[in-house]
Amino acid sequence: MLHATMPAMSESSPAWASPSGEPPAPAPAPGPPIGPAPAPAWQAPPGWGGPPPYGGWGQPRPPEPQPGVVPLRPLGLGELLDGAVGLVRRYPRPVLGLSAVLAILATVLNVLLALTAFQSIISFDTETLSNGGSTSTDQLDGALGGAAVGGLGSGIVSALATIVLTGIITAIAGRGILGQPMTLGAAWAQVRPALLRLIGIALLTGLLVYGALAIGIAAAVLLIAGLGAPGALLGVPLGIGGGCLAVYLYCRLALAPAAAVLERAGVRTSLRRSGILVRRSWWRVFGVLLLALIVASVVGQVVQVPFLIFGIAPLGFGGGSGVTQSTTRVLVLSYIGAGIAQTVIAPFTAGVRALLYIDRRMRAEGLDVALNAAVARPAA
């Protein structure tokens with residue numbers, strides 16, 4: 001909240017704590033009525049003819065509490081997307097600043113790879129290789145090995161950048177729904193103790209998702225290769241089933257990073273919490289994540305297309321000797337465009353996921369009640 005008189009709700013506030021899991025106590029059995037019996041439903045209550053209560057028929061609804069980027073109630077689809085944009089607009093320095101730094105780091109690394117490790121593959125002389133020279137084969141093996149090592153290093157850096165950004169955006173979302181100020185230093189102080197847990201969650205999620213996909217595809221390939229056409233009758237459904245299982249696991253575990261940051265839960269607890277929150281609303285979670293991915297992809301393509309056009313356009317005017325330079329230029333410009341696009345779309349997708357976690361807790365656990373109580377509680 002923006003007012004100094006409102007109490008600050010930190011990440012350790014009871015509102016963010018996960019429920020104990022115990023069922024609520026049963027309501028006591030109704031006893032005999034005390035006092036006069038209520039009037040029948042068809043009789044007019046006392047005061048009939050007076051002014052209707054606030055929010056009654058023909059009266060405006062009471063304003064919804066919204067101290068931050070979204071209302072403190074279960075959110076609709078549009079509110080989830082608008083809230084993610086609102087996080088970027090309300091906290092531009094910590095959100096866009098960190099996203100830009102991480103994108104620049106990844107872009108510089110990719111550009112260096114395009115100018116060094118990938119250069120030997122781009123400029124490789126295929127005619128020498130066709131002559132059967134062993135030296136050319138060794139050169140190709142060395143080029144492929146260098147490119148593989150460089151690509152692996154770039155992938156690891158990009159994955160770590162995504163993990164850090166997801167944690168930071170989640171911490172900011174926890175304050176953003178209450179309208180509280182949040183700096184990059186404060187967000188990092190909250191995410192830093194959970195960094196190893198976030199890495200563990202990313203590794204386990206990737207292992208389960210890609211493992212299911214790989215097992216399904218491998219089973220399909222083996223059946224088709226061993227049995228031919230009859231094996232395809234069983235192999236193709238297995239491959240499709242592996243893909244469906246991978247998508248199911250990804251959505252079921254998508255909210256684990258938010259639980260690790262806001263609830264300070266461990267790796268296994270965060271994965272289990274995500275499964276509990278998604279269990280009865282898998283299709284909605286899938287739809288929200290898919291729509292966010294589509295929006296981010298469209299925006300990313302709009303940002304990257306000018307760089308690709310600028311890089312590809314000169315190819316039609318150069319000779320064969322300029323193919324290597326032109327290909328390198330296309331790679332460099334595509335990496336720059338991708339870096340700029342990631343600066344914009346990465347905070348959006350991370351914000352949607354963080355707000356989706358909050359929405360699921362509001363719907364399944366009544367988190368909105370605790371948040372409204374935290375807003376209304378006077379300062380001590």
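If you're wondering where the values come from, they're calculated on a predicted model, not measured in any experiment. (Residues numbered from 1 in each chain as written. Predicted model: local features only at pLDDT ≥ 70, side-chain atom pairs only at ≥ 80, totals over all residues. Heavy atoms only, no water.)

## A closer look at the overall build of the chain
Helix and strand content of the chain: 13 helices and zero strands. The order of helices and strands in the chain, counted from the N terminus, is α-α-α-α-α-α-α-α-α-α-α-α-α. For the chain, the proportion of its 380 residues judged to be buried stands at 37%. Considering only contacts within the chain whose residues lie at least 6 apart along the sequence, 75% involve residues at least 24 apart. Surface exposure of the chain reaches about 21400 Å², of which carbon and sulfur atoms provide 70%. (Helix = DSSP H or I, 4+ residues; strand = E, 2+ residues; numbered from the N terminus. Buried < 20%, exposed > 50% of the residue type's maximum accessible area, 1.4 Å probe, protein only. Contact = heavy atoms within 4.5 Å. Areas by Shrake-Rupley, 256 points an atom, 1.4 Å probe, with all protein chains shown as cover.)

## So, the nonpolar core
Ranked by size, the top nonpolar core spans 61 residues in total, and within it Trp16, Ile172, Ile177, Tyr357, Ile358 and Leu371 carry the most contacts. Per-element tally for this core: the top contributor is helix H12 (residues 323-365), with 10 residues. (Core = buried A, V, L, I, M, F, W, Y, C linked by side-chain atoms within 4.5 Å.)

## What to know about the packing of aromatic side chains
Applying the stated criterion to the full structure yields four aromatic pairs. Ring plane angle 5° and centroid distance 5.2 Å describe the contact between Trp282 and Phe286, whose orientation is recorded as stacked. With a gap of four residues between them, Trp282 and Phe286 both fall in helix H11 (residues 282-312), about one helical turn apart. By relative accessible area, Phe286 is classed as partly exposed at 23%. What links up through ring pairs into an aromatic cluster is the set Tyr248, Trp282, Trp283 and Phe286. (Phe/Tyr/Trp six-rings, centres within 6.5 Å; stacked < 30°, edge-to-face > 60°.)

## Comments concerning the environment of Val303
Counting through the fold element by element, Val303 comes out in helix H11. For Val303, the residues in contact, after removing those within four places along its chain, are Gly337, Ile340 and Ala341.

## Some thoughts on the side chain of Ser99
Along the polypeptide, Ser99 turns up in helix H2 (residues 92-115). Residue Ser99 is classed as buried on the basis of its relative accessible area of 3%. Apart from the residues lying within four places of it in its own chain, the contact partners of Ser99 are Leu165, Gln342, Thr343, Ala346 and Pro347.

## Comments concerning the pattern of salt bridges
Taken as a whole and assessed by the stated rule, the structure comprises seven salt bridges. The closest approach of N and O atoms between Glu263 and Arg361, which form a salt bridge, is 3.3 Å. Residue Glu263 is located in the loop between helix H9 (256-262) and helix H10 (267-278), and its partner Arg361 is located in helix H12; the two are separated by 98 residues in the primary sequence. Across the pair Glu365 and Arg361 runs a salt bridge, and its minimum N-O distance is 2.9 Å. Pair noted here: Glu365 and Arg361 are both in helix H12, with a separation of four residues, about one helical turn. (Salt bridge = Lys/Arg side-chain N within 4 Å of Asp/Glu carboxyl O.)

## Observations concerning the packing of helix H7 (residues 195-227) against H10
If you want to describe how two helices pack, look at the angle between their axes and the distance between the axes. Between H7 and H10, the shortest axis-to-axis distance is 9 Å and the interhelical angle comes to 60°. Considering the angle they form, H7 stands oblique to H10. The way H7 lies across H10 gives a crossing that is right-handed. Facing Arg197, Gly200, Ile201, Leu204 and Thr205 of H7, the residues of H10 in contact are Val267, Ser270 and Leu271. For the contact of H7 with H10, the class distribution of residues is four nonpolar, three polar and one charged. (Axes fitted to C-alpha atoms, helices over the stretch in contact; angles between N-to-C directions. Parallel < 35°, antiparallel > 145°, perpendicular 65-115°, else oblique. Left-handed = near helix turned anticlockwise from the far one by under 90°. Nonpolar A, V, L, I, M, F, W, Y, C, P; charged D, E, K, R; others polar.)

## Remarks on the confidence of the model for the chain
When pLDDT is averaged across the chain, the result is 78; 70% of the residues are at 70 or more. A low-confidence stretch, residues 21-30 stays under pLDDT 50, and its non-local contacts, those more than four residues away or across chains, total zero contacts. Per-residue pLDDT stays below 50 along residues 316-321; that stretch engages in zero contacts with residues further than four places along the chain or on separate chains. (pLDDT = per-residue confidence, 0-100.)

## Some thoughts on the packing of H7 against helix H8 (residues 229-252)
Where H7 contacts H8, the axes come no closer than 7 Å and their chain directions differ by 175°. Viewed along their axes, H7 and H8 adopt a mutual orientation that is roughly antiparallel. Considered class by class, the residues forming the contact of H7 with H8 number 20 nonpolar, six polar and no charged.

## Some details on the environment of Gly174
Mapped onto the secondary structure, Gly174 falls in helix H5 (residues 134-176). For Gly174, a relative accessible area of 4% corresponds to the buried category. In this structure the C-alpha to C-alpha distance between Gly174 and Ala187, which are 13 residues apart in sequence, comes to 9.9 Å.

## Re the environment of Thr269
Within the fold, Thr269 resides in helix H10. Classification of Thr269 as partly exposed rests on a relative accessible area of 30%.

## Overview of unusual backbone geometry
Leaving glycine aside, a negative phi is the common case for residues, and trans is the common case for peptide bonds. Located in the positive-phi region is Arg264, a residue other than glycine, with phi close to 55°. As for its position among the elements, Arg264 is in the loop between H9 and H10.

## A few points about a nonpolar patch on the surface
Together, Leu290, Leu293, Ile294, Val298 and Val302 line one region of the surface with nonpolar side chains, adding up to about 450 Å² of accessible area. Note on placement: Val298 falls in helix H11. (Patch = residues over 30% accessible without salt bridge, like charges linked within 9 Å, V, L, I, M, F, W, Y side chains within 5 Å.)

## Concerning helix H6 (residues 184-191)
All of the buried residues in H6 are Ala187, Gln190 and Val191. Across the axial projection of H6, the buried residues extend over an arc of 95°, all falling on one side. (Arc of directions from axis to C-beta.)

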